[in-house]
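Chains, contacts and geometry: an overview
This is what each chain is made of:
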Amino acid sequence: VTQDVLAVLFGDPFAVMNTIGLVAFALVGSSKAIREEFDLLGITIVGLAMAFAGGATRDLLVTRVPLALQSPVEIGLGLLGVGLAITLNVVLTSPETHPITLVADAIGLAAFATTGGIVATEAGVSAFGIVAIATINAVGGGALADILLDRAPFILFEDFYASCAVLGGIAYWAAGAFGAAGSTAAVVCAVVTVGTRLVAVVYDWHLPTVQTLGRLSE
Amino acid sequence: VTQDVLAVLFGDPFAVMNTIGLVAFALVGSSKAIREEFDLLGITIVGLAMAFAGGATRDLLVTRVPLALQSPVEIGLGLLGVGLAITLNVVLTSPETHPITLVADAIGLAAFATTGGIVATEAGVSAFGIVAIATINAVGGGALADILLDRAPFILFEDFYASCAVLGGIAYWAAGAFGAAGSTAAVVCAVVTVGTRLVAVVYDWHLPTVQTLGRLSE
Amino acid sequence: VTQDVLAVLFGDPFAVMNTIGLVAFALVGSSKAIREEFDLLGITIVGLAMAFAGGATRDLLVTRVPLALQSPVEIGLGLLGVGLAITLNVVLTSPETHPITLVADAIGLAAFATTGGIVATEAGVSAFGIVAIATINAVGGGALADILLDRAPFILFEDFYASCAVLGGIAYWAAGAFGAAGSTAAVVCAVVTVGTRLVAVVYDWHLPTVQTLGRLSE
């Protein structure tokens, strides 16, 4: 059975990562909206926006009609994540900061960095283009969700978050440059992104600011 | 004469709805910017952003150059709405909350949900794609206007607003699925959207939040 | 030598203006992020967002894959601007409001209004389309940077800023309409934009609001 699962995984890494990412990010986005006491439509829209915005931006950047608008399966996966968030909210207190949500967020980040790397490579952009599209695919949904919730997109400065997608994108490009198959590069990208993100959460990693660099050099 | 008007309406529902939507939303967007004491350029930009952003996003999602950049007529309609807002402001106090503005907003919402449904259907996207593009076309302009004014995009949670466009989009898709002509589906979509929106304003409808659902179940 | 420089300038005005704009706007965007005490990744992302967002939006509007994702040179120019901002911050106090940053901002505004005019003309859009794309190319980066920094996009109402790009776009279109070569139109656009912007800064120009118009007419 394990071999079959691996065969499916290695057969179409985009479909696997896309499925994981849609459910995980819809769950996280809806949890944020529930915490802000949005109504049910607002919860659904923020959840779907977080699930679909990164991939839609990725598709626009390589000038193709967003997949989410063409495939009826995608919306079902997003709504599954929204439903999970509402269920969780009944079961748990403070779902947005619960470990389940933090882990789902790390998994979604890794899954979408990987889909971004795959699509960018197929589109034949530059090395920077691969890293940029992987990062935009991974953090675009969360940034839009934060804008809809009228928060500053925290992902840029509050902790070691977007950096993990940048590292994953670099890993995807590097694996390809060293001759790895697309499915291997996808696994490497996902593992690097989710690994660095979970370690950053557990050890409370932060990147330095210019101000702390200045203080260090005094 | 009525028959001629109907012939024109049924002949090119996109052109009719697009014209109505551009004037109505430019008026509403400019009224918001006037209330925030923006300068004349700011008023014009917010008005045009509200008029054009939804349709431009729709066009990008189906990967075509936005109509607004190709047709010199469109910008004239937008500027007409901006001029109406400035004129209204001289005549009325608090134009943003005046019934004229509320009705113009409901009409624009309905007109743009309809143009979204038409373009999405022509582009051959899924049923979800039709509803999503109708909603984005209808609420995208208002969301961008609110972001430019540094407000939280209120349309997602303050009242029964985006829901009307979702219902209109579903009506458009359902009419087509039941075999109605495009022009009939357009009228159905516009009537459902503007009708539910006006009823929601008059009766102060709200969607429930997860918190109120929780309180109801206690 | 002057003749050679002019030959290069007149030979490919897009490349010249694009190079100038990328370095200048990356510097300005990073300076804003440094002032808000963002971490190093945040500084880099805001700088690159300010440098690339206007041009990427321009490219999406004419439905082509953004240049920034295809050319490895572009990212290098953006990172050069980020590095300059960090260096300046060590040398200067309050880099965001320093004359060097204000002048860099005016130069970037002019350079990107010009690249917008060039690409829009090549894409064959309407006269309004040329002015709109020149303005979006020029102010889009600053607007996104401000949204990422959770400020209201100040450029619309705090001073005579976007207006300069509108005037530059009109100048580009008018020069072309009067039969000028593309390179001449580019120089006219850049000079009008940077000139009006610097004069506006020095003399503290403001556009009137509807409220001040009302007070004037009393």
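Residues numbered from 1 in each chain as written. Chains lettered and ligands numbered in written order. Predicted model: local features only at pLDDT ≥ 70, side-chain atom pairs only at ≥ 80, totals over all residues. Heavy atoms only, no water.

**Quick look at the confidence of the model for chain A**
Mean pLDDT over chain A stands at 87; residues scoring 70 or higher make up 88%. Scored as a whole, the predicted complex attains pTM 0.82, and scored at its interfaces, ipTM 0.74. (pLDDT = per-residue confidence, 0-100.)

**Focus on the relation of the copies chain A and chain B**
The operation relating chain A to chain B is a screw motion whose rotation component is 120°, with 0.0 Å of axial translation and a residual RMSD of 0.0 Å. Put plainly, the chains are arranged around a three-fold axis. Among all residues of chain A, the minimum C-alpha distance to the rotation axis is found for T63 of chain A, at 3.7 Å. Comparing interface residues between copies, only 12% of those in chain A also sit at the interface in chain B, which points to a heterologous contact through distinct surfaces. (Least-squares fit on C-alpha atoms with pLDDT ≥ 70 in both. Contact = heavy atoms within 4.5 Å.)

**Here we look at the interface of chain A and chain B**
Each side of the interface is counted separately: chain A has 25 residues, and chain B has 25 residues. Counting the surface lost from both chain A and chain B, the interface buries some 2,200 Å², and carbon and sulfur atoms represent 75% of this. The largest per-residue losses of area from chain A upon contact with chain B belong to D39, L41 and L69 of chain A, which jointly make up 29% of the total buried on that side. Applying the counting rule to chain A against chain B returns zero salt bridges. Taken together, the links from chain A to chain B amount to one residue pair in polar contact (both at pLDDT 80 or more). (Buried area = accessible area lost by both parts, 1.4 Å probe. Salt bridge = Lys/Arg side-chain N within 4 Å of Asp/Glu carboxyl O. Polar contact = N/O pair within 3.5 Å; in protein donor to acceptor, adjacent residues only side chain to side chain.)

**What to know about the state of the cysteines**
Residues and elements named next belong to chain C. Tallied over the entire structure, the rule returns zero disulfides over all chains. Looking at the unpaired C164, the closest cysteine sulfur is the one in C189, lying at 11 Å. Look at C164 and you get buried, because its relative accessible area is 0%. You can call C189 buried: its relative accessible area is 0%. (Disulfide = S-S within 2.5 Å. Buried < 20%, exposed > 50% of the residue type's maximum accessible area, 1.4 Å probe, protein only.)

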